[in-house]
Amino acid sequence: MCTSAHAEAPSKHKPTFGVGYKVGNGVGSIGADIIVSPIPHLSFELQASWLSDFDSGYAVLPSVVASLWDQGSTPYIKAGALYLSATLDDATGTGTGGFANIGYEWKLQSGLGIQLGGGVSYIQDRTVVSDNQIASIGGKVNPNLELGLRYRF
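The structure presented is a predicted model; accordingly, all values stated were derived computationally and were not measured.

A.B. asks: So what's going on with the pattern of salt bridges? Which residues, and what values?
C.D. replies: In the structure shown here, the tally under the stated rule is nine salt bridges. Put simply, Lys 22 and Glu 146 hold a salt bridge, and the shortest N to O gap is 3.1 Å. Note that Lys 22 is positioned in strand S1 (residues 16-24) and Glu 146 in strand S10 (residues 140-152), a separation of 124 residues in sequence. Like Glu 146, Lys 22 is buried. In this structure, Arg 152 engages Glu 105 in a salt bridge whose closest nitrogen and oxygen atoms are separated by 3.2 Å.

Here it is in structure tokens:
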């Protein structure tokens, strides 16, 4: 016979959608993300960032996030891919790669959240050719930091 002390409580998860400001993941300090959490402990994020170190450039980073706890503040682990395109002077280059982070997200009852994590990122080795030079970018694993300020609806 099962007593009420051993019965599982129903999940309080409701699908959520969020938006936020994102710094890091190896692509600079000016970015935004969209967050969708369709089921307990799992979120999908899409980060878009402007690459401020170049004349023009952007990066797009889709990722999957697993959270330890479904409700409230929680540790998380994240894995994602990245695509970037950048122009400096007369040279234009693109790159692909990936990243992985562990961290913690503080979730307030108001819907506001603060995310802090760290890990590694990798951009595949690419050769960039311009009128005057040939350069190689990427090809190594780099430390990674992410900071996010977000709001979930």
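Resuming the write-up.
A.B. asks: Could you give an account of the packing of aromatic side chains, with specific residues and numbers?
C.D. replies: Taken as a whole and judged by the stated rule, the model has four aromatic pairs. Where Phe 17 meets Phe 153, the ring centres are 6.1 Å apart and the plane angle is 20°; that geometry is what we call stacked. You can see Phe 17 sitting in strand S1 and its partner Phe 153 sitting in the segment after S10, a full 136 residues away along the chain. Centroid distance Tyr 58 to Tyr 83: 6.3 Å. Interplanar angle 50°. Geometry classified as tilted. Taken together, the residues Tyr 58 in strand S4 (residues 56-67) and Tyr 83 in strand S5 (residues 74-88) connect sequence positions 25 residues apart. By relative accessible area, Tyr 83 is classed as partly exposed at 33%.

A.B. asks: Break down the nonpolar core for me, with residues and values.
C.D. replies: The biggest cluster of nonpolar side chains holds nine residues, and these are Val 27, Leu 51, Ala 59, Leu 61, Leu 82, Leu 84, Ala 86, Phe 99 and Ile 123. Within the residue set of this core, elements represented by two or more residues are S4 and S5. The greatest single-element share of this core, amounting to three residues, is contributed by S5. Setting aside residues up to four positions removed in sequence, Ala 59 forms contacts with Val 27, Gln 47, Ala 48, Ser 49, Leu 51, Tyr 83 and Leu 84.

A.B. asks: Summarise the pairing of S10; cite the residues concerned and give the values.
C.D. replies: Pairing analysis gives seven bridges linking S1 to S10, with the strands arranged antiparallel. Within S10, the residue paired with Gly 20 across the bridge is Arg 150. Here 12 bridges tie strand S7 (residues 112-123) to S10, and the two strands are oriented antiparallel to one another. The partner of Gly 118 across the bridge, within S10, is Leu 145.

A.B. asks: How would you explain the layout of surface pockets if you had to name every residue and give the values?
C.D. replies: Its volume calculated, the second largest pocket comes out at about 460 Å³. What lines the second largest pocket is a set of 23 residues, and nearest its centre among them are Thr 16, Gln 71, Gly 72, Lys 107 and Arg 152. In terms of residue class, the lining of the second largest pocket is built from six nonpolar, 11 polar and six charged.

Cut-off values and rules
Residues numbered from 1 in each chain as written. Predicted model: local features only at pLDDT ≥ 70, side-chain atom pairs only at ≥ 80, totals over all residues. Heavy atoms only, no water. Salt bridge = Lys/Arg side-chain N within 4 Å of Asp/Glu carboxyl O. Helix = DSSP H or I, 4+ residues; strand = E, 2+ residues; numbered from the N terminus. Buried < 20%, exposed > 50% of the residue type's maximum accessible area, 1.4 Å probe, protein only. Phe/Tyr/Trp six-rings, centres within 6.5 Å; stacked < 30°, edge-to-face > 60°. Core = buried A, V, L, I, M, F, W, Y, C linked by side-chain atoms within 4.5 Å. Contact = heavy atoms within 4.5 Å. Pairing = 2+ DSSP bridges. 1 Å grid on protein atoms, 1.4 Å probe; cavity = no way out; pocket = protein on both sides within 12 Å on 5 of 7 lines; lining within 4 Å. Points joined across faces, edges and corners; volume = space filled by probe spheres on them. Nonpolar A, V, L, I, M, F, W, Y, C, P; charged D, E, K, R; others polar.

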